[in-house]
Amino acid sequence: MRDTELLAEALDLLEREFSGLPRYAPEVPGESRMASVLAEAAHRMGDNFPYFHPLYAGQMLKPPHPVARAAYAMAMWLNPNNHALDGGRASSRMEWEAVREIAAMFGWSEFIGHLTGGGTLANLEALWVAGQMMPGKKIVASEQAHYTHERITAVLRLPFASIACDENGRMDLTHLEAALKSGEVGTVVATLGTTGAGAVDPLPAILDLRKKYRFRLHVDAAYGGYFRLASNLDGDAARAFERISEADSIVIDPHKHGLQPYGCGCVLFRDPAMGRWYKHDSPCTYFTSQELHIHGGAQQSGGSCAVGSFAAELFAEGSLHLGEISLECSRAGASAVALWTTQRLLPLVRGGEFARGLERCREAALQFRSMIAAEDSFVPGPAPDLDIVVWAVRAATPAESSRRAQEVFDRAAKHDLHLALAQMPPRIFREAGWTSEHQPSAVTCLRSVLMKPEHLAWVDEIGRRLRNAL
Ligand SMILES: *Cc1c(COP(=O)(O)O)cnc(C)c1O
């Protein structure tokens, strides 16, 4: 069945749910010109890279699953708002159920969490809570962590420091321990799947350090989180994902590897009492959980913990307004409906169809990396921890290599092969033979995010076109 037929059928069923209401004719301003402006919009959309095609092997862009697209569009006909149960009763409960399944994937049954507009908002919430728990203390993340951590901490007015990475692009433990020794660090952000090279920070060793130095641990798994389900990771990465449940908070982006349309991030806190930091009094919403406010009001002095656990109880039974544990107000309920439907079709279990899709992406990256390593003109980056491959063009200096990477990138695009460029520390290209005297802080290299399972069948063709672009 085509996507559009699936959607039409779902919309018929939705309409029937409300068939008891008297008929009315909706007013549609500009109705007669809709087809022509839509045609114009479709034409404008042609000025995009073909993200859906396997020859698009550039940035982190993955087509949503057809069922997610259909569920999103169907829900959008009602346009629920998951800020409050009044605006999205069914979709809020679906959000709670879907988020519970994500938490269960990480080994958490008691927790608090919700969907967000994306990973940046989700990380902002996690670091905001971290700042409340560890006031005035530094937040540290690896130099390969997402650039928004530094910006978020600036917005939150929390001190931030960057920790150098090792030759594999993972957080360097010696540098981390040196920072911890200063006694100024309150929170460590471990990235499980960096955006640049997909590197997985050494979580087990970071957890060992937590025994010695007290700090909060936030795991940014916006990109890599779902790889917890993959069975073909190498030892270090697999061990990191095994220990993810020991984090204090986790961020994952269903709109990256979770087959969702944009506008779907997720933040989770291991301790449900973290809900207390969100307590607020919205002037016009929350008619159905007045209990929370009465309870909160009665506990003015030092009662925030009680409010936290009361919120947690309401959360656990799915009767809390999500806006009461979220920094955002209005949020698309359709995102939750799409996620719920997708997880219904493809449950988040090891060995399942969804997990196999991730394993195929990783296999594609391994094959592609071997192909690069066998090519004299290229210098492979570190062995991929997930499904992202970075490689440099062989040249005498990083500057020359950077220039040639840009040329390969441009020529490949002319052969319909869309790659990405990335700025990486030259030390991750060990085999380049660059001496430390001509090492700038970054080299421009080529990067492919092989996040479509179809990439596996296209590795040879991608390699052919890449060689033609040399
Ligand atoms: C993509 C990404 C983010 C930012 O998430 P958005 O959904 O783009 O806002 C943060 N951290 C990591 C590791 C990411 O890959």
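The preceding data block contains the structure.
Basis of the calculations
Residues numbered from 1 in each chain as written. Predicted model: local features only at pLDDT ≥ 70, side-chain atom pairs only at ≥ 80, totals over all residues. Heavy atoms only, no water. Helix = DSSP H or I, 4+ residues; strand = E, 2+ residues; numbered from the N terminus. Rg over C-alpha atoms; globule rule 2.2 N^0.38 Å. Contact = heavy atoms within 4.5 Å. Areas by Shrake-Rupley, 256 points an atom, 1.4 Å probe, with all protein chains shown as cover. Lys, Arg positive; Asp, Glu negative; His and termini not counted. Charge placed at Lys NZ, Arg CZ, Asp CG, Glu CD. Pairing = 2+ DSSP bridges. Axes fitted to C-alpha atoms, helices over the stretch in contact; angles between N-to-C directions. Patch = residues over 30% accessible without salt bridge, like charges linked within 9 Å, V, L, I, M, F, W, Y side chains within 5 Å. Salt bridge = Lys/Arg side-chain N within 4 Å of Asp/Glu carboxyl O. Phe/Tyr/Trp six-rings, centres within 6.5 Å; stacked < 30°, edge-to-face > 60°. Buried < 20%, exposed > 50% of the residue type's maximum accessible area, 1.4 Å probe, protein only. Lys NZ or Arg CZ within 6 Å of the ring centre and 35° of its normal.

1. Points about the overall build of the protein
Thought 1: If you tally the helices and strands in the protein, you get 15 helices and 11 strands.
Thought 2: Relative to the globule expectation of 23 Å for 470 residues, the C-alpha radius of gyration of the protein, 24 Å, shows essentially globular dimensions.
Thought 3: Considered along the principal axes of its C-alpha atoms, the protein spans approximately 70 × 60 × 40 Å.
Thought 4: Nonlocal contacts in the protein, meaning residues at least 24 apart in sequence, comprise 74% of its contacts between residues at least 6 apart.
Thought 5: If you sum the accessible surface of the protein, you get close to 21,700 Å²; carbon and sulfur atoms cover 53% of it.
Thought 6: Each charge sign in the protein was given a centre, from 47 positive and 55 negative side chains, and these centres are 3 Å apart.

2. Structural notes on the sheet that holds strand β8 (residues 378-380)
Sheet strands pair by backbone hydrogen bonding; their relative direction is either parallel or antiparallel.
Thought 1: With antiparallel pairing, 4 strands are arranged side by side in an open sheet as β8-β9-β11-β10. If you trace the sheet from one side to the other, it starts and ends with β8 and β10 (420-424), each paired once. Shown here is a sheet whose adjacent strand axes are inclined to one another by a mean of 40 degrees, direction ignored.
Thought 2: Where β8 lies against strand β9 (residues 388-393), 3 bridges are found, and the strand directions are antiparallel. Paired with Pro380 across the bridge in β9 is Trp391.
Thought 3: Helix α14 (residues 398-414) contacts β9, β10 and β11 (443-449) of the sheet and is inclined by roughly 40 degrees relative to β11.

3. Quick notes on a nonpolar patch on the surface
Thought 1: Together, Phe18, Leu21 and Leu78 line one region of the surface with nonpolar side chains, adding up to about 320 Å² of accessible area.
Thought 2: Within the secondary structure, Leu78 is located in helix α3 (residues 66-78).

4. What about the packing of aromatic side chains?
Thought 1: If you walk through the whole model with that rule in mind, you get 8 aromatic pairs.
Thought 2: Between Phe368 and Trp391, the ring centres sit 5.2 Å apart and the planes meet at 85 degrees, which makes this aromatic pair edge-to-face. You can see Phe368 sitting in helix α13 (residues 353-373) and its partner Trp391 sitting in strand β9, a full 23 residues away along the chain.
Thought 3: Overall, the relative accessible area of 1% leaves Phe368 in the buried class.
Thought 4: Using a relative accessible area of 0% as the deciding quantity, one classes Trp391 as buried.
Thought 5: On the basis of an interplanar angle of 75 degrees and a centroid distance of 6.4 Å, the ring pair of Phe429 and Trp434 is categorised as edge-to-face. Considered together, Phe429 and Trp434 belong to a single accessibility category, that of buried residues.
Thought 6: Aromatic ring contacts, followed pair by pair, group Phe49, Tyr51 and Tyr56 into a single cluster.
Thought 7: Above the face of the Trp96 ring, Arg100 is positioned so that its terminal group lies 4.2 Å from the ring centre.

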